[in-house]
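# Summary of structural features
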Amino acid sequence: MKQELNYDVIILGAGPAGFSAAMYAARGNVKTAILDINMFGGQPSNYLEIENYPGFPIIGGFELMEKFEEHADKFGVEKYPMVEIQRVTLDSEIKEIETADTIFKTKTVIIATGAKAKKLGIKGENEYKGRGVSYCAICDGAFYKDKIVAVVGGGNSAVEEACYLTKFAKKVYIVHRRDELRADKIVQERAFSNEKIEFVFNALPVEIQGNNTVEKFIVQDVKTNEIKELTVNGVFPYIGFTPNTENFNAQIKQTKQGFIETDENMQTSIEGVYAAGDVRNTPLRQVITSAADGAIAACSAVKYIETHTPVKVS
Ligand code: NAP
């Protein structure tokens, strides 16, 4: 028999949006819980350094997320890390989240489940995952001391992580499908002036090959169709993210790419359900925008609870 727990606000996802929402909701004096299928902290926990969160000219990603969590703790948020979510029912007055041992009942839900790394979808990617293919430079970079690696993508993530990998690797290729990077200019400049980085522009990933571990990265020139073999020990795809919406897909309005649609109050297509951060359809995905989304979502949820006809949670 599963236990039943009742809340006013349940936040799904414990990254910057989730913790900000948790802090604002609990400070708004409503009973608040935060759940995550992983350890707390979300994506920024894996970032070596964050240098664009106001008030902290430079801070480790893990350290910043610890501060978010401590701040939410201060207002008495109840925390459930590493939960296995089996069912989410959003379209009823009292929403339900069922885990392995608990049925959580709540008046409002804030979805802050973030996004996960996109895969290249090429031959060898799955086969060599953990044996040369990695989606986390900060976790695995140290394994590539004096080795050669390729980073795929032209955004901030790819270019920043490529710079980070030069601390270990003797050479880092940045393989990008166009001849122009998407990353911020300041980030680009750092990469262009780094002698260990070699750019492979107009190149599409084709295949990752090896013999137990990665040995070659095959790419194709988009203009000439010429195939090029890069001799590498590791491939780090950083080609963007897809939203973590598996538990809500059939219930909530989303963009074609799966990001959740909201209005400016973070209200989704379902009454009493809000979305915040990277999972939402938003023009900017940063710690600060996620935190701001979380604050708005929590204030909207608190207002909804205060103005909505009270229902008995049973
Ligand atoms: P992103 O900005 O969406 O960039 C993804 C890159 O991967 C693009 O250059 C894209 O090429 C390329 N790409 C996409 N699909 C591909 C495929 N199938 N094959 C090959 N290349 C592919 O993603 P991101 O760099 O992860 O950044 C996500 C968000 O987080 C952004 O808003 C970014 O600014 C933010 N971010 C900020 C920081 C920071 O400020 N410190 C750090 C990291 C991330 P095209 O350019 O041709 O589309």
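Structure shown above.
Below, the structure is looked at part by part. (Residues numbered from 1 in each chain as written. Predicted model: local features only at pLDDT ≥ 70, side-chain atom pairs only at ≥ 80, totals over all residues. Heavy atoms only, no water.)

### Some words on the nonpolar core
Val-9, Ile-11, Phe-19, Ile-34, Phe-68 and Ile-110 are the most contacted members of the largest nonpolar core, which totals 34 residues. At the level of elements, β1 (3-12), α1 (16-27), α2 (61-74) and α6 (287-307) are the ones that each hand at least two residues to this core. For this core, the leading source of residues is α6, giving 8 residues. Beyond its immediate sequence surroundings of up to four residues, Phe-19 is in contact with Ala-14, Ile-34, Phe-40, Gly-41, Met-65, Phe-68, Glu-69 and Ala-72. (Core = buried A, V, L, I, M, F, W, Y, C linked by side-chain atoms within 4.5 Å. Buried < 20%, exposed > 50% of the residue type's maximum accessible area, 1.4 Å probe, protein only. Helix = DSSP H or I, 4+ residues; strand = E, 2+ residues; numbered from the N terminus. Contact = heavy atoms within 4.5 Å.)

### Let's talk about the environment of Glu-66
Along the chain, Glu-66 falls in helix α2. For the pair Glu-66 and Ser-45, spaced 21 residues apart in sequence, the C-alpha to C-alpha distance is 8.6 Å.

### Some details on the pattern of salt bridges
Under the definition given, this model contains 14 salt bridges. Across the pair Lys-105 and Glu-4 runs a salt bridge whose closest N-O atoms are separated by 3.7 Å. A residue pair is termed long-range when its members are at least 10 positions apart, and Lys-105 in strand β6 (residues 102-111) and Glu-4 in strand β1 qualify at 101 residues. Linked through salt bridges whose partners overlap, the residues forming this network are Lys-2, Glu-4, Arg-87, Glu-96, Glu-98 and Lys-105. (Salt bridge = Lys/Arg side-chain N within 4 Å of Asp/Glu carboxyl O.)

### Structural notes on α1
The first and last C-alpha atoms of α1 sit 16 Å apart over 12 residues, in line with the 16 Å expected at 1.5 Å per residue. Burial runs high along α1: 10 of the 12 residues are buried. Where α1 is concerned, the buried positions are Pro-16, Ala-17, Gly-18, Phe-19, Ser-20, Ala-21, Ala-22, Met-23, Ala-25 and Ala-26. On its buried face, α1 sits against β1, β2 (32-35), α2, β6 and α6. Just beyond α1, the residue with positive phi is Asn-29, at close to 70°. (Expected span 1.5 Å × (residues − 1).)

### What about the site of the ligand?
As a matter of local geometry, the ligand sits amid 17 residues, with Asn-52, Asn-156, Ser-157, Arg-178 and Arg-182 nearest to it. One of the side-chain nitrogen or oxygen atoms of Ser-157 is found 2.8 Å away from an oxygen atom of the ligand. Separating an oxygen atom of the ligand from a side-chain N or O atom of Arg-182 is a distance of 2.6 Å. Relative to its unbound accessible area of 920 Å², the ligand is 80% covered by the protein chains. The biggest single contributor to the shell around the ligand is helix α4 (residues 156-165), with 3 residues. Classifying every residue of the shell around the ligand gives 3 nonpolar, 9 polar and 5 charged. (Near = heavy atom within 4 Å. Polar contact = N/O pair within 3.5 Å; in protein donor to acceptor, adjacent residues only side chain to side chain. Areas by Shrake-Rupley, 256 points an atom, 1.4 Å probe, with all protein chains shown as cover. Nonpolar A, V, L, I, M, F, W, Y, C, P; charged D, E, K, R; others polar.)

### Quick look at a positive patch on the surface
Residues Lys-118, Arg-177, Arg-178 and Arg-182 make up a contiguous surface patch of positive charge. By the element assignment, Arg-178 lies in the loop between β9 (171-175) and α5 (185-192). (Patch = residues over 30% accessible without salt bridge, like charges linked within 9 Å, V, L, I, M, F, W, Y side chains within 5 Å. Lys, Arg positive; Asp, Glu negative; His and termini not counted. Charge placed at Lys NZ, Arg CZ, Asp CG, Glu CD.)

### Focus on the state of the cysteines
The final tally for this structure, using the stated rule, is 0 disulfides. Residue Cys-163 stays outside any disulfide, its sulfur separated by 16 Å from that of Cys-136, the closest cysteine. A residue is classified by how much of its surface remains accessible, and Cys-163, at 18% relative accessible area, is buried. (Disulfide = S-S within 2.5 Å.)

### What about the pairing of β9?
Consecutive side chains of a regular strand alternate in pointing toward one face of the sheet and then the other. Burial analysis of β9 places 4 of its 5 residues in the buried class, which makes it a mostly covered element. Here 5 bridges tie strand β8 (residues 148-152) to β9, and the two strands are oriented parallel to one another. The residue of β9 that forms the bridge with Ile-148 is Lys-171. At this point the chain moves from β8, through α4, to the parallel β9, and the crossover so formed is right-handed. The handedness of the β9 to strand β10 (residues 197-200) crossover, carried by α5, is right-handed. (Pairing = 2+ DSSP bridges. Right-handed = clockwise from strand over helix to strand, strands pointing away.)

### Some points on the sheet that holds strand β11 (residues 203-211)
Taken in spatial order, the 3 strands line up as β11-β12-β13 in an open sheet, and their pairing is antiparallel. Whereas interior strands pair on both sides, the edge strands pair on one side only; in this sheet they are β11 and β13 (227-231). Strand-to-strand twist in this sheet, taken as the mean axis angle between neighbours without regard to direction, amounts to 25°. One ladder, built from 5 bridges, connects strand β12 (residues 213-221) with β13; its direction is antiparallel. (Axes fitted to C-alpha atoms, helices over the stretch in contact; angles between N-to-C directions.)

### Some words on the packing of α1 against α2
For the pair α1 and α2, interaxial distance at closest approach is 8 Å and the crossing angle is 20°. Classified by the interaxial angle, the pair formed by α1 and α2 is roughly parallel. By crossing handedness, the relation of α1 to α2 is classed as left-handed. Residues Pro-16, Phe-19, Ser-20, Ala-22 and Met-23 of α1 form the contact with α2, whose participating residues are Met-65, Phe-68, Glu-69, His-71 and Ala-72. Within the contact of α1 with α2, the residues separate by chemical class into 7 nonpolar, 2 polar and 1 charged. (Parallel < 35°, antiparallel > 145°, perpendicular 65-115°, else oblique. Left-handed = near helix turned anticlockwise from the far one by under 90°.)

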